[in-house]
Amino acid sequence: GPRGRSACPICLGHFSYDIQRCESRNLWDKTTPAHARRTQDERIISANRLPLYYKWRRPGGCPAENHDSAHACSVCRDKEQGAQACPRGEKI
């Protein structure tokens, strides 16, 4: 089952595919539009085309403030949590 899998930073699903390759335009529910997308060079960017810092999306987050990438959830844009804790994520 999905328990133990990381949430995909694009669709917030806990599916058994390589989340590094997700190119979904919708969230895990297949109806809600995704706010982030993957670029051709495999970076994840927000709807306003700002790069989203990869360490921030991980469960431990990123305490550093010395880089240009955004510290915000790739879905709800909350600056207090990453995609792993997003309330819009797939419930497992």
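Let me sum up the structure you'll find in this document.

### Observations regarding the overall build of the protein chain
Secondary structure summary: the protein chain contains zero helices and two strands in total. The proportion of buried residues among the 92 residues of the protein chain is 38%. A sequence separation of at least 24 residues applies to 31% of the contacts in the protein chain between residues at least 6 apart.

### Considering the environment of Lys-91
Here Lys-91 is to be found in the segment after strand S2 (44-45). Residue Lys-91 is classed as exposed on the basis of its relative accessible area, which comes to 61%. Between the C-alpha atom of Lys-91 and that of His-14, which follows or precedes it by 77 residues, the distance is 8.7 Å. For Lys-91, the side chain forms a polar contact with the main-chain oxygen of Pro-87, separated by 2.5 Å.

### Examining the nonpolar core
Counting 16 residues, the largest nonpolar core has Cys-8, Ile-10, Leu-12 and Val-75 as its most contacted members. Other than its neighbours up to four places away in sequence, Val-75 contacts Pro-9, Ile-10, Leu-12, Leu-27, His-35, Cys-86 and Arg-88.

### Examining the environment of Leu-27
On the secondary structure map, Leu-27 appears in the segment before strand S1 (37-38). For the pair formed by Leu-27 and Glu-90, sequence separation is 63 residues and the distance between their alpha carbons is 8.7 Å.

### A short note on the layout of surface pockets
By volume, the second largest pocket amounts to about 150 Å³. Lining the second largest pocket are twelve residues, and of these Ser-46, Asn-48, Leu-52, Ala-72 and Arg-77 lie nearest its centre.

### Observations concerning the side chain of Thr-39
Inspection of the secondary structure puts Thr-39 in the loop between S1 and S2. Using a relative accessible area of 16% as the deciding quantity, one classes Thr-39 as buried.

Thresholds, definitions, all that
- Residues numbered from 1 in each chain as written.
- Predicted model: local features only at pLDDT ≥ 70, side-chain atom pairs only at ≥ 80, totals over all residues.
- Heavy atoms only, no water.
- Helix = DSSP H or I, 4+ residues; strand = E, 2+ residues; numbered from the N terminus.
- Buried < 20%, exposed > 50% of the residue type's maximum accessible area, 1.4 Å probe, protein only.
- Contact = heavy atoms within 4.5 Å.
- Polar contact = N/O pair within 3.5 Å; in protein donor to acceptor, adjacent residues only side chain to side chain.
- Core = buried A, V, L, I, M, F, W, Y, C linked by side-chain atoms within 4.5 Å.
- 1 Å grid on protein atoms, 1.4 Å probe; cavity = no way out; pocket = protein on both sides within 12 Å on 5 of 7 lines; lining within 4 Å.
- Points joined across faces, edges and corners; volume = space filled by probe spheres on them.

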